[in-house]
Amino acid sequence: MNLPDLCVARNRDKVEVKHIEQHQEYEPLFKGQKYFLRTYGCQMNVHDSEEIKFYLEALGFTKTEILEDADIVVLNTCAIRENAKDKVFGYLGRCKHLKKVKPNLIICLCGCLVQQPHEIEEIKKNHQYIDIVVGTHNLNELPELIVKKSPKQDIEVFSNSDKVFENVKYARDSQVCAWINIAYGCDKFCTYCIVPYTRGRERSRKMENILREVQALKKAGYQEVTLLGQNVNAYGNDLGLGYNFATLLEETAKIGIPRIRFVTSHPWNFTDEMIDVIAKYENIMPYVHLPIQSGSDAILKKMNRRYTIEEYKTLFNKIKEKVKNVAITTDIIVGFPNETDEDFKATLDIVNYCKFDNAFTFIYSPRVGTAAARMEDKIPYEVKQKRLKELNDLVNSYSLASNQKLLGKTVKVLVTEKSEKDQNKVCGYTDTMKLVNVEGAQDLIGQIIDVEITAAKSFSLDGIVKK
Ligand code: SAH
Ligand code: SF4
Ligand code: F3S
C-alpha cells in the first residue's frame, strides 16, 4: 500500500527526471469479461482513459456502455471542484449496489481525486467495496493490480513523480483527432488550484518522442493532433535541451498533419516566438485558450497568476493582431475569497473588452491543502451564484455574436463523428474550434470539408455541405 501525502506532493526540489520506455506485454486473462469506464475532468484525463482502455483491452476485457453488464468498473476521477467529487461519489453508490448482486465485480478508482489524502481516508473508512485505487503517477501499474487483485482493498498512490513514461500505448477514442501529452504536472501553484498536487512537478517529454508519435498518427490517417499540457508554455524548460514550446510547435507543424491544436497556454510567458510560429503555419489552428480567471489585479495577485490585466490585454491584442482570424476563449472564476463587487465588475469589464469567442465559468471551490482554502471568505454563496449568472449571460451574448458573424459564410470543418442529437447529421469543428452540426452523409467523417453556415446559436452552428 502507498498513500498520498500533500507535503511530498508540494515538493518542487530539482530532481533528475527519468524517461522510461514502456515495453510491457499483457495476457488476455479476462477474455469474455466486460469493462465499464467513466471519465471525469479535463482533456488530460480523457487521454489517460485511452491508456486505461488499452490496458483493459490488452487484458481481454471488452467495452460495455451498460454498468450492470460490467465485470470491472473503472472511474477515472477529477478533483478540480467539489462538484467533480460529488459526481464520483454519487456514481460509486450505484457501483456499491451492483457489487451486492455481483460480488465478483472489480471496482477501480484512479485519477486526480485519489491523489488527495483526505479522500483516501474517506475511501478507506466508508468505501471498502472499492478494490483498487491507483494514482496519476503509476497508472501503468493498473493491469498488474487487476491481475493480482486480492480480497483486501489495494491502494497504490504516489504523491509526486520523477518519471516520464515513453512509448505508452493507447486505445484511442477517435480515428480522426488524437491527444498527445507533451508535459505532465504543473509548477505554477495558482492558489486556488489542486492540479500541482494531483499531477506533480512539471515534466516534459522529449521532443523526438513526441514528433515520432505525431508522425505515426499522420501515417495512420489522423487529421488532427492536440498537444496537451497543464501549461504548454513551460514545455521543455525542465529538460534544458535547448528547445521550448515554440520549437516543438514548429517541428510538429513541419510534419504536415492537417490540423494542430494545443491546450492550455498560460498568459504568463506566452512568448512572441510562440505567436510567430502560430501565425506562420497554416496547419496550426488559429485558436488559443487563454484562461484569464479574473478581471481584477488584486484578485489575480491573490491567485498567484503572475500577470496584470494590462499585460493580459497586451498579449490578447498581440495575438489578435498577428494571428489572422484567431478565436480566443478563456476560463473565469467568480467568488474567489473576498472578491468584492468592484473586483467582479472588473471581470465583466474585461469580458466586454475581449469579447471572448467562448468562456468556461466557475464558482470558486475551496480545495483542501491549497493556499486559497486558508484565506478568509465573507462572500455568501448566493452572491457568488448571482455573479455567475450575470457573467454567464454576458459571456453567452458574446459567444452568440461571434457565431453569428459566420452566418452565410463558408468555413472549413473537420468532420469528427455522427451528431449525438440527430443521426442524420454529422458534427465537427471549424479551425477556430466552433462546433458545427452538418446535414449530410456519414462518409464525410475524417474529412475537412467546406460548410455553409445556416444557423448560429451560443454553443454551436448549423450548416450544409457546400458543393
Ligand atoms: N492548466 C489549465 C487548466 C486548469 S483547470 C490552466 O491553467 O488553465 C481548468 C480551469 O478550472 C481553470 O482554468 C480554472 O478556471 C478552473 N479552476 C481550477 N481550480 C478551481 C477551483 N478551485 N475552483 C473553481 N474553479 C477552478
Ligand atoms: Fe492550476 Fe494554475 Fe497550474 Fe493551471 S497553471 S493547472 S490553474 S496551478
Ligand atoms: Fe481534474 Fe485532474 Fe484534470 S483535477 S481538471 S482531472 S488535471
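The rules we used
- Residues numbered from 1 in each chain as written.
- Chains lettered and ligands numbered in written order.
- Predicted model: local features only at pLDDT ≥ 70, side-chain atom pairs only at ≥ 80, totals over all residues.
- Heavy atoms only, no water.
- Core = buried A, V, L, I, M, F, W, Y, C linked by side-chain atoms within 4.5 Å.
- Buried < 20%, exposed > 50% of the residue type's maximum accessible area, 1.4 Å probe, protein only.
- Domains from an automatic or database assignment.
- Contact = heavy atoms within 4.5 Å.
- Pairing = 2+ DSSP bridges.
- Helix = DSSP H or I, 4+ residues; strand = E, 2+ residues; numbered from the N terminus.
- Axes fitted to C-alpha atoms, helices over the stretch in contact; angles between N-to-C directions.
- 1 Å grid on protein atoms, 1.4 Å probe; cavity = no way out; pocket = protein on both sides within 12 Å on 5 of 7 lines; lining within 4 Å.
- Points joined across faces, edges and corners; volume = space filled by probe spheres on them.

A. Summary view of the nonpolar core. Residues Tyr235, Phe245 and Ile319 are the most contacted members of the largest nonpolar core, which totals 71 residues. Residues lining this core come from more than one domain, with at least three contributed by each of domain 2 (174-285) and domain 3 (287-404). In contact with tyrosine 235, not counting residues within four places along its chain, are Ile182, Ala183, Ser204, Arg205, Lys206, Met207, Ile210, Tyr243, Asn244, Phe245 and Leu248. By size, the runner-up hydrophobic cluster in this structure holds 26 residues, among which are Val88, Cys95, Leu105 and Tyr129.

B. View of the sheet that holds strand β15 (residues 327-334). In space, the 3 strands of this open sheet follow the order β14-β15-β16, with parallel pairing throughout. Every interior strand has two partners, whereas the edge strands, β14 (287-289) and β16 (358-363), have only one. Between one strand axis and the next, the sheet turns through 10° on average, direction left out of account. As defined by bridge partners, β15 adjoins β16 across 6 bridges and the pair is classed as parallel. Across the sheet, the residue bridging to valine 334 is isoleucine 363, located in β16. Packing of helix α13 (residues 381-404) onto the sheet brings it into contact with β15 and β16, and relative to β16 it is tilted by some 175°.

C. Local environment of empty space enclosed by the protein. This model, assessed by the stated rule, comprises 1 cavity of 30 Å³ or more. In this model, the largest cavity occupies a volume close to 250 Å³. Along the wall of the largest cavity there are 16 residues; nearest its centre are Glu51, Thr136, His137, Phe165 and Tyr184. If you list the elements that add at least two residues to the lining of the largest cavity, you get α2 (43-58) and β8 (163-166). Looking at the lining of the largest cavity, you find at least three residues from each of domain 1 (6-156) and domain 2 (174-285).

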